[in-house]
Amino acid sequence: MKSPVNAQVLKEIAVTVTKLVSLLACLYFFICSLSFLSDSFRILGGKNIGALFSDSELLKNPVVGVMIGVLVTVLVQSSSTSTSIIVGLVSAGAPVKTAIPMIMGANIGTSVTNIIVALTQAGDREQFRKAFACANVHDMFNWLSAFILVIIECLTGYLEKLTGKLVENVGATNVTDVKSPDFLKALTKPFTKVLVQLDKDVLKGWAQNSLEYENATTILRTGCHQHAPGGPSCKYLFAHLGPEGVNIGESYIGVILLAISLCMLCGCLIGMVKILNAILGTKVKSVIENVINADIPIRGLGWLTGYLAMLVGAIMTILVQSSSVFTSTLTPLAGAGLVSLERAYP
């Protein structure tokens, strides 16, 4: 009598473990698809990014600065990249007053990724409504924050004065090669670098209109010193379509990579939602909803729940080194109904 019961228990355990592994795999490839999406926009943007920073007189208008920050971040799909470009411009001599609105715009541009993720759930009206609302929470927060801070900055110049005071006693030694640890990229890079590799020095050189990269024709990494007769020097798949291979053109490479990233994004999102619904029965799902969306159960401390959620969001973003990845992962969870808008906002 015990043998069939044990076999049934083992089967259920095996099925659950398989579902969990599948969920983690979908999450991994979902994050990889965001990386490919970012790379595709960088390839498609190309030297046009540099043109946005070329007119110094135009950049004196704070509204134009905000819009340029938004456009550059949408093109490269990474606020970290766009802000590092802006920091490079300031170190090259651009005034801080000009850079502040562009930094604000970069924070707005990074929320476009959430909208793309939410749009992939348009097949289910209820899930799409919740996911799109969650994505717009991020948008509205960034827009309102930038709107208020840019106005105050234009009237008082407090950010320029405050940041100037913070660094006035800093030594003259220029340390630009220090990189923050990126744990997430260390996990995804073994897979993403097999498909495509970009030369970020060329991207920053174009953005800063550097003469050193004026004659550079491609953003794809070349010259890896692994050259085989009749093949590219760098061993990644898109190298065969680049200047060292068939050379079909940057635009076509960008479009192909964009199509691959969107297919991966949609497939992984659909897979995550289906697996989550399969793992979480009605009872388990309701328990998780009640735990995540409930206030702190200690009497008199319920008002601290929002601040605790803010702390969790800050810690998770620091760990993955990307606000886009964290908020894009939160969006389908809100669409599935596991996280309420009230809890997602902080």
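Refer to the preceding data block for the structure.
Residues numbered from 1 in each chain as written. Predicted model: local features only at pLDDT ≥ 70, side-chain atom pairs only at ≥ 80, totals over all residues. Heavy atoms only, no water.

Trainee: Is there a simple way to think about a positive patch on the surface in this case?
Mentor: On the surface, a cluster of positive charge is contributed by K185, K189, K193, K200, K204 and R221. When contributions to the positive patch are tallied by element, the ones reaching two or more residues are α9 (183-195) and α10 (200-207). Broken down by element, the positive patch gets its largest block of residues, 3 residues, from α9. Tracing the chain through its elements places R221 in the loop between α10 and α11 (250-279). For R221, a relative accessible area of 33% translates into the label partly exposed. (Patch = residues over 30% accessible without salt bridge, like charges linked within 9 Å, V, L, I, M, F, W, Y side chains within 5 Å. Areas by Shrake-Rupley, 256 points an atom, 1.4 Å probe, with all protein chains shown as cover. Salt bridge = Lys/Arg side-chain N within 4 Å of Asp/Glu carboxyl O. Lys, Arg positive; Asp, Glu negative; His and termini not counted. Charge placed at Lys NZ, Arg CZ, Asp CG, Glu CD. Helix = DSSP H or I, 4+ residues; strand = E, 2+ residues; numbered from the N terminus. Buried < 20%, exposed > 50% of the residue type's maximum accessible area, 1.4 Å probe, protein only.)

Trainee: How should I be thinking about the pattern of salt bridges in this particular structure?
Mentor: Oppositely charged side chains can form a pair if their charged atoms are brought close together. Applying the stated rule across the entire model yields 2 salt bridges. In this structure, R129 engages E126 in a salt bridge whose closest nitrogen and oxygen atoms are separated by 2.6 Å. Here R129 and its partner E126 are both found in helix α7 (residues 125-156), 3 residues apart, which amounts to about one turn of the helix. For E126, the salt bridge identified is with K130, shortest N-O distance 4.0 Å. Residue E126 and its partner K130 are located together in helix α7, separated by 4 residues, close to a single helical turn. Each of E126, R129 and K130 takes part in one network of salt bridges that share partners.

Trainee: I would appreciate a short explanation of the nonpolar core in the present structure.
Mentor: In globular proteins that are soluble, nonpolar side chains generally tend to be buried together. Residues F30, L265, L269 and M272 are the most contacted members of the largest nonpolar core, which totals 22 residues. Contacts of L269, omitting those with residues within four sequence positions, involve F30, V117, T120 and P332. Grouped together as the second largest cluster of nonpolar side chains are 19 residues, L198, V202, A216 and I219 included. (Core = buried A, V, L, I, M, F, W, Y, C linked by side-chain atoms within 4.5 Å. Contact = heavy atoms within 4.5 Å.)

Trainee: Help me understand the state of the cysteines in this model?
Mentor: What makes a disulfide is a covalent bond joining the sulfur atoms belonging to two cysteines. For the structure on display, the rule yields 0 disulfides. For C266, which is in no disulfide, the shortest distance to another cysteine sulfur is to C263 and amounts to 6.9 Å. (Disulfide = S-S within 2.5 Å.)

Trainee: Explanation requested: the side chain of S261 in the structure shown.
Mentor: Structurally, the position occupied by S261 is in helix α11. Discounting residues that sit within four places of it in the chain, S261 has contacts with S33, F36, L37 and S40.

Trainee: Explain the packing of aromatic side chains to me, please; I cannot follow it from the model alone.
Mentor: The geometry of an aromatic ring pair is captured by two quantities: the separation of the ring centres and the angle between the planes. One pass over the structure, following the stated rule, counts 4 aromatic pairs. For the pair Y28 and F29, a centre-to-centre distance of 5.4 Å together with 80° between the ring planes defines the contact as edge-to-face. Using a relative accessible area of 27% as the deciding quantity, one classes Y28 as partly exposed. When the centroid spacing of 5.4 Å and the interplanar angle of 35° are considered together, the rings of F128 and F132 count as tilted. One end of the pair is F128 and the other is F132, both in helix α7 and 4 residues apart, which spans about a single turn. Judged by relative accessible area, F128 falls into the partly exposed class, the value being 23%. (Phe/Tyr/Trp six-rings, centres within 6.5 Å; stacked < 30°, edge-to-face > 60°.)

Trainee: Explanation requested: the packing of helix α5 (residues 96-109) against α7 in the structure shown.
Mentor: How two helices sit against one another is set out by the angle between their axes and by the gap between those axes. The geometry of α5 relative to α7 is characterised by a closest axis approach of 9 Å and an angle of 170° between their N-to-C directions. By the angle between their directions, the pair α5 and α7 is classed as roughly antiparallel. Residues I100, M104, N107 and I108 of α5 touch α7, and the partners they reach there are N142, W143, A146, L149, V150 and E153. For the contact of α5 with α7, a count of residues per class yields 7 nonpolar, 2 polar and 1 charged. (Axes fitted to C-alpha atoms, helices over the stretch in contact; angles between N-to-C directions. Parallel < 35°, antiparallel > 145°, perpendicular 65-115°, else oblique. Nonpolar A, V, L, I, M, F, W, Y, C, P; charged D, E, K, R; others polar.)

Trainee: Is there a simple way to explain the environment of E244 in this structure?
Mentor: Within the element layout of this structure, E244 appears in the loop between α10 and α11. Residue E244 is classed as partly exposed on the basis of its relative accessible area, which comes to 29%. Once the C-alpha coordinates of E244 and C234 are considered, the two residues, 10 residues apart in sequence, prove to be 8.8 Å apart.

Trainee: Would you mind showing me how to read the side chain of S33 here?
Mentor: With respect to the element layout, S33 can be found in helix α1 (residues 2-45). Setting aside residues no more than four positions away along its own chain, S33 makes contact with S261, M264 and L265.

Trainee: Mind showing me how you'd approach the environment of M264 here?
Mentor: Among the structural elements, M264 can be located in helix α11. Excluding anything up to four places from it in sequence, M264 contacts F29, C32, S33, F36 and F191.

Trainee: Could you clarify how one ought to interpret a nonpolar patch on the surface in this entry?
Mentor: A cluster of nonpolar side chains, V63, M67, M140, W143, L144, F147, I148, I151, I152 and L155, forms an exposed patch at the surface whose accessible area comes to about 1,000 Å². Elements that contribute at least two residues to the nonpolar patch include exactly α3 (62-76) and α7. For the nonpolar patch, the element with the most residues is α7, which contributes 8 residues. Following the sequence through the fold, M67 ends up in helix α3. Judged by its relative accessible area of 36%, M67 is partly exposed.

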